[in-house]
Amino acid sequence: MGETYRFNRHHFLTSLLIITAMLKSVHTITTNTEFVKSSCTFTTYPRLCFTSLSTQASLIQTSPKLMAHAALNITLASAKATSAMMVRLSSSRLKPREAAAMRDCVEELADTLDELRKSIGEMCRLSSSNYEVYMSDMQTWVSAALTDENTCTEGFDRDEMNGKTKVLVRGKILVVAHLTSNALALINHFASIHG
Ligand SMILES: *[C@@H]1O[C@H](CO)[C@@H](O)[C@H](O)[C@H]1NC(C)=O
């Protein structure tokens, strides 16, 4: 009788610990996801922000710096994929004007990649002693990346462009531009709360 009682009590306490740990982890996941959602309200494209960054919630936790860093990472990955797609497209048969717009775009995207990589590098090395300079560098580079992307889209906006290529390229670049705009907003938000 006493044995059974101790045995059950042991199980009961173990279960209680497991349940507590589970509730804690559910609470943490909810807190992290809520943080991503509320940070996204500072961006121009909050829905895209949330869909692209909520998967990184456990990495971001509740840090505005990690949020901005993750946004830069996602933007870089998207710009890389788009650039690779355009390089592939530019070797397909295109009208001379399209080929020219595509070449310009690939070049502008190469600049974008460079600017995003430099920004990520400084985000990694950011400290209180270099804060002002690095922050201002990042704001400059990410703004420049946005300008490059817009220049690329404008090249495809002209009427003489083929419908399918235009729609495809324009759509991909627009996503990169929106992600970049969001990353810039998150960097600016991080800068404003850091003071
Ligand atoms: C950003 O990407 C780097 C390199 O892949 C990775 O080490 C880092 O954890 C990422 N940071 C965030 C916040 O996503």
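Not measured: the values here are computed from a predicted model.

Analysis parameters
Residues numbered from 1 in each chain as written. Predicted model: local features only at pLDDT ≥ 70, side-chain atom pairs only at ≥ 80, totals over all residues. Near = placed C-beta within 6 Å. Helix = DSSP H or I, 4+ residues; strand = E, 2+ residues; numbered from the N terminus. Nonpolar A, V, L, I, M, F, W, Y, C, P; charged D, E, K, R; others polar. Axes fitted to C-alpha atoms, helices over the stretch in contact; angles between N-to-C directions. Parallel < 35°, antiparallel > 145°, perpendicular 65-115°, else oblique. Left-handed = near helix turned anticlockwise from the far one by under 90°. pLDDT = per-residue confidence, 0-100.

A. Layout of the site of the ligand. Close to the ligand lie Gln56, Leu59, Leu66, His69, Ala70 and Asn73. Per-element accounting of the shell around the ligand gives the leading share, 4 residues, to helix α4 (residues 64–90). Its residues assigned to classes, the shell around the ligand shows 3 nonpolar, 3 polar and no charged.

B. Local environment of the packing of α4 against helix α7 (residues 163–194). Following both chains from N to C, one finds α4 and α7 inclined at 160°, their axes separated by 9 Å at the closest point. The orientation of α4 with respect to α7, classified from their angle, is roughly antiparallel. At the point where α4 passes α7, the crossing takes the left-handed sense. In terms of residue class, the contact of α4 with α7 is built from 20 nonpolar, 7 polar and 2 charged.

C. Representation of the confidence of the model for the protein. Of all residues in the protein, 94% attain a pLDDT of 70 or more, and the chain-wide mean is 90. By mean pLDDT, helix α1 (residues 2–40) is the weakest element of the protein at 85, and helix α2 (residues 46–53) is the strongest at 98.

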